[in-house]
Structures are given as structure tokens and as C-alpha cells.
Amino acid sequence: MPNVRPVLATPLCAWLALAAPQALAQDAGTPGATSDAPAASGQAPAPGADSAAPGADSAPPRAESAAPGAQAAPAASLTLERAVSLAAERNESALAAQQRAEASQARVARARAFFFPELTATGTYTRRSNQSTREVGGQEVVLQRYNAFGASFVARVTLFDARGFPLYRAARLEGEASGLDAVEARRQVSFEAANAFLVSLADQQVFQAAEQRLAFARQSLEDAKARAEAGLASSNDVTRAELEVASAEVQRTSARNTAQTSRLELGYLLVEPVEGGLAPPDALLTDAVRPLASHEAVVRGAADRRPDILSARLRVESLEANALEPLARLLPALGASYTYRLTNESGLTGRTGDGFFSVDLTWSLFDGGERYAERRERVALAKAAKLEEQAGTRRVDVDIQRARVGLENAQAALSQSDLAVRAARQNAEEQGILYRQGLSTALTVADAAVSLFEAEVARAQSRYALGVALLGLRAAVGLDPLGKEP
């Protein structure tokens, strides 16, 4: 028996040592998946990132099952730009804000109509039980007919009414503010879609890593059983391997459900199901790894760029203009009208048509103090809105600083994850060497491989978290998810 152990252990150890480094490499060509390797993302490796483990001449394909929709052709992959565009065009929140802006423009047109003349036409029909006649100059004249028809046309124009000017200005400013609200709603929906896009990519990476972990756990279980049968290991190794398989299966199920949920959330924001794969946002991730100093240019003038701040300022001006309307009631209103009437009852005059022009002056001398009460109310509302606008403007600097801190932390986390991957890869290589020397076990080699996979997916998640942090900075400075002014 002592002679059998070395004979069986030598080829088995050699096979495991050669197979472990190859299994550590990830295949960047899996449809619908995103790889952290530079070849898959089109980016240079992050600082501190290492190349593949020595001896990994070719990377084996990933497990067949992937995140939902991962089998779609690369040409059909959903890009970040497309996701942002779909959310802005189809999401109900953005569309509802646009409709509110349309309603506000209609109110502007209604306020403008105050300065234009009004034309009213009225027609009447009267049926009488008796007809009234008189004899005039030997002729019978009908004063009231059985069937009387009449029509009147009234044209009225306001020559002067001081109330119309502040009301029109208030409506116009409110309409402009509503338009900016619609822009802000589209911007926020776009950021929600971009964040959901990155979360879906990260969850997909976690699912793929969970599948790889399960594959390695199953392989380690087979190796442990073979070693136990050959007398090279105890049954405890088999039990530990079985526990690792059970744990990996639970993690895989959880990761799969999380990936499915995140894709459902993304589809909800896009108002269509996400069936294909997700393309890595190379441009966003490239910008995210740049030094913080390179983002200073977009920080300047953020308060004058953000639609929500500009909308708040316009609403303050609208309320201030509306507060002037009660004072305008102190002045008289001057109007003019022209009325023309038609009837089939000529009467004693013998005319069926008649018209007249009139000018009227209306002056409300005292209304019980209503105008002054409304003035105080509107002034108070305008001051409250001004204070809220000032608070929102001051909040911009806080939002920008928080976003910068978040971006800096995300960059540091990515650097740390690069170091973790390097350490995990070195550990996997060392365990392989120790295994070949008989100083380690197959379970230790498998654990090192699992740790490497977990470190790699943590690095991928850190990269996507860095993209989310950059989105936060762009949102704070008033840009859209693609770095453009909305």
C-alpha cells in the first residue's frame, strides 16, 4: 500500500496543478456577458491589474447556463446609450411631465387671450300664443309675431386692465418652468435607467461567478472522492467538498434570481422586456477611472445648468408676478363693445337690424379687503418659494461634493479590488505549486480558485460601482448620463 499511494498521487497531483490555472481564466466571449479583461471591454487594465496566470494558454468556455438573455447575439446587445434613449422616450414619468408642460403652455395661451377681443353671437326663438298688431297710418303693423326670431352679435375688447399684465407674466414664467420640469423628469428617468443598466451588468457578473464556483466545487468533489477511494485522503475531505457544492448551489440560485430581478427592473424603466445581452459601457467606464481633477470642468456653473434649479427660480418669479395682481385691482378697467341685433319684428321703426357702440369704465373702490388679503398670501408664498430655491441652490454644492467623494471612494475600491485579484491569483498559483509538492490538498486548491473567482467578480462589481459614482457626479452637475447637457 505505501507503494501505491505515490503512484496514484503523482499523476493526480500533476493533472490538478495543470488544470487549476487554466480553469481560473475567464472566457471574455460569452454572449450577453461582460468580462473584466481588457480584451472584452476595450479598455486598458485598471492600475494594479495582472495578466492571466502563467500556463493558461487558452481559457475554457464558461458554464453553459448564463444570466437571462445572455445567449443573444452580440449585435443585438443593449447599449447604455440605447437604454437611456428608450427610457426618455417611453417611460411614463417623462411622458407625464411632458403633458404637464403642454398643459402649462395652454394656460399661457389662455392668459394671452385676455388682451384680444371677444366676439359673441346669440340667437333666440320665441313662440307666442297671440300676435300683437297696431294700425299706423292706415297700415297694420305687427309689433309681436307668433314666431319671433332674433340674433345679436357682440364684439368686446378690453382697452385697459392692469390685472392682465402680471397674470400673463406669471403664466408665461410658469410655462417655462414646466418645460424645465419635463427636461428634469427625462433626465432623472435616464439616470434611473443607466443605474439599472449597470446594476444588471454587475448582477450578471455575480451569477457567472457563482456558476464557476459551482463547477469548481463539483470538480473538487469528484477529486476528493477519487483521492478517498485511492486512500490519499480521508472521508472528511469528501464531506467538506459536499458542503461546498451545497453552498455553491445556494449562491448560484440566489445570484440567478437577483440577476433576473434586476433585468425586470431595467425592462420596467425601458417599458419593454430586456431579452438580449447587455453591452459594456466602455466610454462611461473609461471616463470613470480618470483622475478627479479631469472632472472639475463640468463642476463649474452647475447651479446655472441644472433644470430643477432653473425651474425653481422661474417659479419664484412667477409667484412674485402673481402677487402684483391684487394691487392691479386698485386701478379702473376700461372696455369697449359693439352690439348688432337682428330680428324679424320690425315694429314701429320698420328696421330689422340695429347696432350700437359703448364704452364702459369699472372701478372697484372697496371689496372688503379681499385684494389686500390675497396680496399678503401671494407675497408669503413667493417668499417661501424663494427660500426653497435658495436652499436648493446651496444643496447643489453639497450634492457635487458627495458625488466627488463617492467617485473617489469607488476609484479607491477598484484599486483595492485589483490588489485582491493579484493576491488571489498568486495564492492560486502557490497552492498549485504546493499541491505538486504534496504540501497541499485538492480542496485547498479548489478554495484558492474559488477565492480568485470571487475577487475577480468583486473587481467587476467595483468597476460598475465606479460607473454609478460617475453617474452621480453627472447628475449633480446637471448633465445627462452620457455627459451631455439635457
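Each remark here, short or long, concerns the structure printed above.
Residues numbered from 1 in each chain as written. Predicted model: local features only at pLDDT ≥ 70, side-chain atom pairs only at ≥ 80, totals over all residues. Heavy atoms only, no water.

A.B. asks: Give a description of helix α4 (residues 92–112) that names residues and reports values.
C.D. replies: Here α4 contains 21 residues, and its C-alpha end-to-end distance of 30 Å stays within 8% of the 30 Å for a straight helix at 1.5 Å per residue. All buried positions along α4 are accounted for by Ala 94, Ala 97, Ala 101, Ser 104, Val 108 and Ala 111. One side of α4 carries all its buried residues, which in axial view fall inside an arc of 85°. Residues Gln 99 and Arg 110 are exposed on α4 and point more than 90 degrees away from its buried face. Elements that come into contact with the buried residues of α4 comprise α3 (80–90) and α5 (164–229). (Helix = DSSP H or I, 4+ residues; strand = E, 2+ residues; numbered from the N terminus. Expected span 1.5 Å × (residues − 1). Buried < 20%, exposed > 50% of the residue type's maximum accessible area, 1.4 Å probe, protein only. Arc of directions from axis to C-beta. Contact = heavy atoms within 4.5 Å.)

A.B. asks: Hey, could you go over the nonpolar core for me, with residue numbers and the actual values?
C.D. replies: Core analysis: the biggest nonpolar cluster contains 42 residues, and Leu 78, Phe 197, Leu 266, Leu 270 and Ile 400 have the highest contact counts within it. Counting residues per element, the ones that place at least two in this core are α3, α5, α6 (235–270), α7 (282–288), α11 (370–436) and α12 (442–477). Those residues in contact with Leu 270 that sit more than four places away from it in its chain are Leu 78, Ala 83, Leu 86, Ala 87, Arg 90 and Ala 193. Ranked by size, the runner-up nonpolar core spans nine residues in total, among them Leu 214, Ala 217, Leu 221 and Val 245. (Core = buried A, V, L, I, M, F, W, Y, C linked by side-chain atoms within 4.5 Å.)

A.B. asks: Quick rundown of the sheet that holds strand β4 (residues 147–160)? Include the residues and the values.
C.D. replies: Reading across from one edge, β1-β4-β5-β6 is the order of the four strands in this open sheet, with antiparallel pairing throughout. The outermost strands of the open sheet, each flanked by one partner alone, are β1 (118–127) and β6 (353–362). Within the sheet, the average angular offset between the axes of one strand and its neighbour, ignoring direction, is 20°. As defined by bridge partners, β1 adjoins β4 across 10 bridges and the pair is classed as antiparallel. Paired with Arg 127 across the bridge in β4 is Asn 147. (Pairing = 2+ DSSP bridges. Axes fitted to C-alpha atoms, helices over the stretch in contact; angles between N-to-C directions.)

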